[in-house]
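# Tertiary structure, described
The lines below spell out each chain.
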Amino acid sequence: MRTSADAVAELGADPLQRSAERLFWASVAGAAGFALLAVLLTLMRTVPERAALLARLRTMGLRRRQGVALILAETLPQTLAAALGGALVAGAAVALLGPAMDLSTLVGASVPTGVRLTAGPVLTQALGLAALVAAAVLVEAATSGRRQITTELRAGDQR
């Protein structure tokens, strides 16, 4: 008598299955790393202008929390649009390429041809990317907020 737990353990012990899973998670980690690098490079490019603007607004009475909220409000629409665009492209790729995919060689057994879209993982990764961008923006706002107003508002500064 075979139980379903034995069948699951047997399938999980397959080296091809473990390799495919490791390859998937490595690709997810690589994509997240590239996304974080792109966000950090974009933020670092605009740091001097943003710091000068925040320094000017602080001289007019803007509090630190309001400055962080302003930076988040500035970057949030672009972030959400990028995450939504990525999720839509992933959905379109599955819709276009899914019927032609044959996963039999990866699984090691005969499976029906085709891949269906599962919205949960796509939305989780899109929202994770948006949270990653928000965290990077908060870190950038915290580090730029520590600069002194006098250094940002020097007389004769040409930016």
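Residues numbered from 1 in each chain as written. Predicted model: local features only at pLDDT ≥ 70, side-chain atom pairs only at ≥ 80, totals over all residues. Heavy atoms only, no water.

## Here's the deal with the side chain of threonine 79
- Within the fold, threonine 79 resides in helix α3 (residues 64-97).
- Dropping the residues within four chain positions of it, threonine 79 is found in contact with Ala130 and Val133. (Helix = DSSP H or I, 4+ residues; strand = E, 2+ residues; numbered from the N terminus. Contact = heavy atoms within 4.5 Å.)

## Side note on the nonpolar core
- In this structure, Val39, Leu43, Leu54, Ile71, Val133, Ala136, Val137 and Ala141 together form the largest nonpolar core, which totals eight residues.
- Broken down by secondary-structure element, the contributors of at least two residues to this core are α2 (15-59) and α5 (119-145).
- Here the element with the most residues in this core is α5; it accounts for four residues. (Core = buried A, V, L, I, M, F, W, Y, C linked by side-chain atoms within 4.5 Å. Buried < 20%, exposed > 50% of the residue type's maximum accessible area, 1.4 Å probe, protein only.)

## Topic: the layout of surface pockets
- Approximately 340 Å³ is the volume attributed to the second largest pocket.
- Considering the residues around the second largest pocket, the lining is formed by 18 residues, among which Val39, Thr42, Gln78, Thr79 and Val133 are closest to the centre.
- Within the residue set of the lining of the second largest pocket, elements represented by two or more residues are α2, α3 and α5.
- At eight residues, the largest contribution of residues to the lining of the second largest pocket is made by α2. (1 Å grid on protein atoms, 1.4 Å probe; cavity = no way out; pocket = protein on both sides within 12 Å on 5 of 7 lines; lining within 4 Å. Points joined across faces, edges and corners; volume = space filled by probe spheres on them.)

## A look at a nonpolar patch on the surface
- Side chains of Leu96, Leu97, Met101 and Val115 sit close together on the surface and give an oily, nonpolar patch of about 390 Å² of accessible area.
- Considering the arrangement of structural elements, one finds leucine 97 in helix α3. (Patch = residues over 30% accessible without salt bridge, like charges linked within 9 Å, V, L, I, M, F, W, Y side chains within 5 Å. Areas by Shrake-Rupley, 256 points an atom, 1.4 Å probe, with all protein chains shown as cover. Salt bridge = Lys/Arg side-chain N within 4 Å of Asp/Glu carboxyl O.)

## A short note on empty space enclosed by the protein
- One pass over the structure, following the stated rule, counts one cavity of 30 Å³ or more.
- Of the voids in this model, the largest cavity is the one considered here, and its volume is about 30 Å³.
- Every residue lining the largest cavity is listed: Leu72, Thr75, Leu76, Thr79, Val133, Ala134 and Val137.
- If you list the elements that add at least two residues to the lining of the largest cavity, you get α3 and α5.
- When residues of the lining of the largest cavity are assigned to their parent elements, the largest contribution, four residues, is made by α3.

## Section: the confidence of the model for the protein
- Of the residues in the protein, 83% reach a pLDDT of 70 or more, and the chain-wide mean stands at 77.
- Put simply, helix α6 (residues 149-152) is where the protein has its lowest mean pLDDT, 66, and α3 is where it has its highest, 83. (pLDDT = per-residue confidence, 0-100.)

## Regarding the environment of threonine 75
- Note that threonine 75 resides in helix α3.
- Taking the relative accessible area as the measure of exposure, threonine 75 reaches 9% and is therefore buried.
- For the pair formed by threonine 75 and valine 133, sequence separation is 58 residues and the distance between their alpha carbons is 8.7 Å.
- Discounting residues that sit within four places of it in the chain, threonine 75 has contacts with Leu43, Arg50 and Val137.

## Brief notes about α3
- With 34 residues, α3 should reach 50 Å at 1.5 Å per residue; the first-to-last C-alpha distance of 48 Å fits that figure.
- At threonine 75, α3 is bent by approximately 35°, the largest bend along its length, and proline proline 77 sits one to four residues beyond.
- What α3 keeps buried is the set Gly67, Ile71, Thr75, Thr79, Ala83, Ala87 and Gly91. (Expected span 1.5 Å × (residues − 1). Bend = angle between axes of the 7 residues up to and from the residue.)

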